[in-house]
Amino acid sequence: MAGKKFAAASKKVDSAKKYTVDEAFKLVVESAPAKFDESIDVALRLGIDPKQSDQQVRGAIALPHGLGKDVKVVVFAKGPKEAEAKAAGADFVGADDLVAKIQGGWLDFDKCIATPDMMATVSKVAKILGPRGLMPNPKIGTVTMNVGEAVTAEKKGKLDFRVDKAGIVHAGIGKKSMGDAKLRDNFLVLLGALVKAKPASSKGIYLKSISVASTMGPGVKIEPNAAAAIVG
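To start, this report covers the structure provided alongside it. Given the structure is predicted, the values throughout are model-derived calculations rather than measurements.

### What about the sheet that holds strand β9 (residues 220-222)?
- Read across the sheet, four strands follow the order β7-β1-β8-β9 without closing on themselves; strand pairing throughout is antiparallel. The open sheet has two free edges, formed respectively by β7 (168-175) and β9, since each of these has just one partner strand. Strand-to-strand twist of the sheet, defined as the mean angle between neighbouring strand axes without regard to direction, takes the value 25 degrees.
- Pairing of strand β8 (residues 207-214) with β9 involves three bridges; the strand directions are antiparallel. Following the sheet pairing, Ile 210 is matched in β9 by Ile 222.
- On top of the sheet, helix α8 (residues 180-196) reaches β1 (39-46), β7, β8 and β9; it is set at about 155 degrees to β7, its chief contact.
- Strand contacts of helix α9 (residues 224-231): β8 and β9, with the helix running at about 90 degrees to β8, the strand carrying the most contacts.

What follows is the structure, given as structure tokens:
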């Protein structure tokens with residue numbers, strides 16, 4: 001049944017065509033075949049050499065319409081900062097007890113924040129958090145003394161992005177139920193951040209390819225130059 005739904009959805013998409021941003025997001029929502037609220041993911045291939053330290057592309061942005069889901073946040077903090085995190089809506093706040101919980105196999109959260117003084121404690125579970133992209137990092141604002149502000153930002157739908165070894169940025173930008181207009185807005189904010197983050201040492205074509213797809217639907221290609229022109 002899933003195969004038939006995908007085949008039917010695929011007929012709506014011309015795999016050889018590169019669509020405008022507006023066309024692509026209308027199409028990806030229309031062609032999402034599942035009954036559940038599918039995630040919408042984009043993949044942007046950049047003209048960089050990710051092996052070079054000066055060509056790493058990463059950052060964090062606040063999406064205008066959030067991620068369309070409840071983001072679970074844990075915080076490593078003590079004392080007043082623990083209270084600040086709880087007041088901001090953190091789902092779990094702790095120190096050594098949080099380490100023990102994670103070492104026991106608990107990973108029911110999406111984001112992890114820590115105060116700088118707690119990083120020695122966090123390092124005890126670095127091998128668990130790191131591979132899952134959950135390790136707190138000052139470059140994306142998750143190692144900070146402003147834990148209340150950080151928790152609020154994550155809860156609203158802050159997106160962390162990072163180029164992988166193949167030079168591709170993969171990112172979930174929302175849910176099908178948000179509709180094409182909000183998904184388009186979220187995408188353009190991400191695209192604008194990537195354009196601004198272009199390494200000075202990167203030569204040639206920077207945005208090589210862009211595609212968007214729902215969890216169970218076909219990929220829809222976007223014309224890179226037209227998309228880049230929208231964000232300047």
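### Considerations on the packing of aromatic side chains
- One pass over the structure, following the stated rule, counts three aromatic pairs.
- Aromatic pair Phe 25 and Phe 187: ring centres 5.3 Å apart, planes at 45 degrees, arrangement tilted. Note that Phe 25 is positioned in helix α2 (residues 21-30) and Phe 187 in helix α8, a separation of 162 residues in sequence.
- Assessed through its relative accessible area of 0%, Phe 187 is described here as buried.
- Here the basic side chain of Lys 101 rests over the ring of Trp 106, its NZ or CZ set 4.7 Å away from the ring centre.

### Focus: the layout of surface pockets
- In this model, the largest pocket occupies a volume close to 800 Å³.
- Surrounding the largest pocket, 32 residues form its lining, Lys 111, Arg 132, Gly 133, Asp 160 and Phe 161 being those nearest its centre.
- For the lining of the largest pocket, the elements supplying multiple residues, two or more each, are β1, β2 (58-62), β5 (111-114), β6 (158-162) and β7.
- A per-element tally of the lining of the largest pocket places β7 first, with six residues.

### Some details on the sheet that holds β5
- Spatially, the three strands line up as an open sheet ordered β4-β3-β5, and their pairing is parallel. Here the strands that pair on one side only, and so sit at the sheet edges, are β4 (92-94) and β5. Within this sheet the neighbouring strands show an average axis-to-axis angle of 15 degrees, counted without direction.
- Relative to β4, strand β3 (residues 73-76) runs parallel, the two sharing three bridges. The residue bridging Val 75 from the neighbouring strand is Val 93, located in β4.

### Points about the nonpolar core
- By size, the foremost hydrophobic cluster in this structure holds 48 residues, and its most contacted members are Phe 25, Val 75, Phe 187 and Leu 190.
- The dominant element in this core, judged by the number of residues it contributes, is α8, at seven residues.
- When residues no more than four places from it in sequence are discounted, the contact partners of Val 75 are Ala 85, Ala 90, Phe 92, Val 93, Gly 94, Leu 98, Ile 113, Val 147 and Val 151.

### Considering the pattern of salt bridges
- A complete count under the given rule lists 10 salt bridges for this structure.
- For Asp 91, the salt bridge is made with Lys 155, and the minimal N-O distance between the two is 2.7 Å. In this pair, Asp 91 is assigned in the loop between α3 (79-87) and β4 and Lys 155 in helix α7 (residues 147-156), connecting sequence segments 64 residues apart.
- Since its relative accessible area comes to 41%, Asp 91 is described here as partly exposed.
- Between Asp 96 and Lys 124 there is a salt bridge, and its shortest N-O distance comes to 3.6 Å. Taken together, the residues span a long stretch of sequence, with Asp 96 in helix α4 (residues 96-103) and Lys 124 in the loop between α5 (119-122) and α6 (126-129) at a distance of 28 residues.
- Judged by relative accessible area, Asp 96 falls into the partly exposed class, the value being 44%.
- Through salt bridges with shared partners, a single ionic network connects Asp 22, Arg 184 and Asp 185.

The rules behind the values
Residues numbered from 1 in each chain as written. Predicted model: local features only at pLDDT ≥ 70, side-chain atom pairs only at ≥ 80, totals over all residues. Heavy atoms only, no water. Pairing = 2+ DSSP bridges. Helix = DSSP H or I, 4+ residues; strand = E, 2+ residues; numbered from the N terminus. Axes fitted to C-alpha atoms, helices over the stretch in contact; angles between N-to-C directions. Contact = heavy atoms within 4.5 Å. Phe/Tyr/Trp six-rings, centres within 6.5 Å; stacked < 30°, edge-to-face > 60°. Buried < 20%, exposed > 50% of the residue type's maximum accessible area, 1.4 Å probe, protein only. Lys NZ or Arg CZ within 6 Å of the ring centre and 35° of its normal. 1 Å grid on protein atoms, 1.4 Å probe; cavity = no way out; pocket = protein on both sides within 12 Å on 5 of 7 lines; lining within 4 Å. Points joined across faces, edges and corners; volume = space filled by probe spheres on them. Core = buried A, V, L, I, M, F, W, Y, C linked by side-chain atoms within 4.5 Å. Salt bridge = Lys/Arg side-chain N within 4 Å of Asp/Glu carboxyl O.

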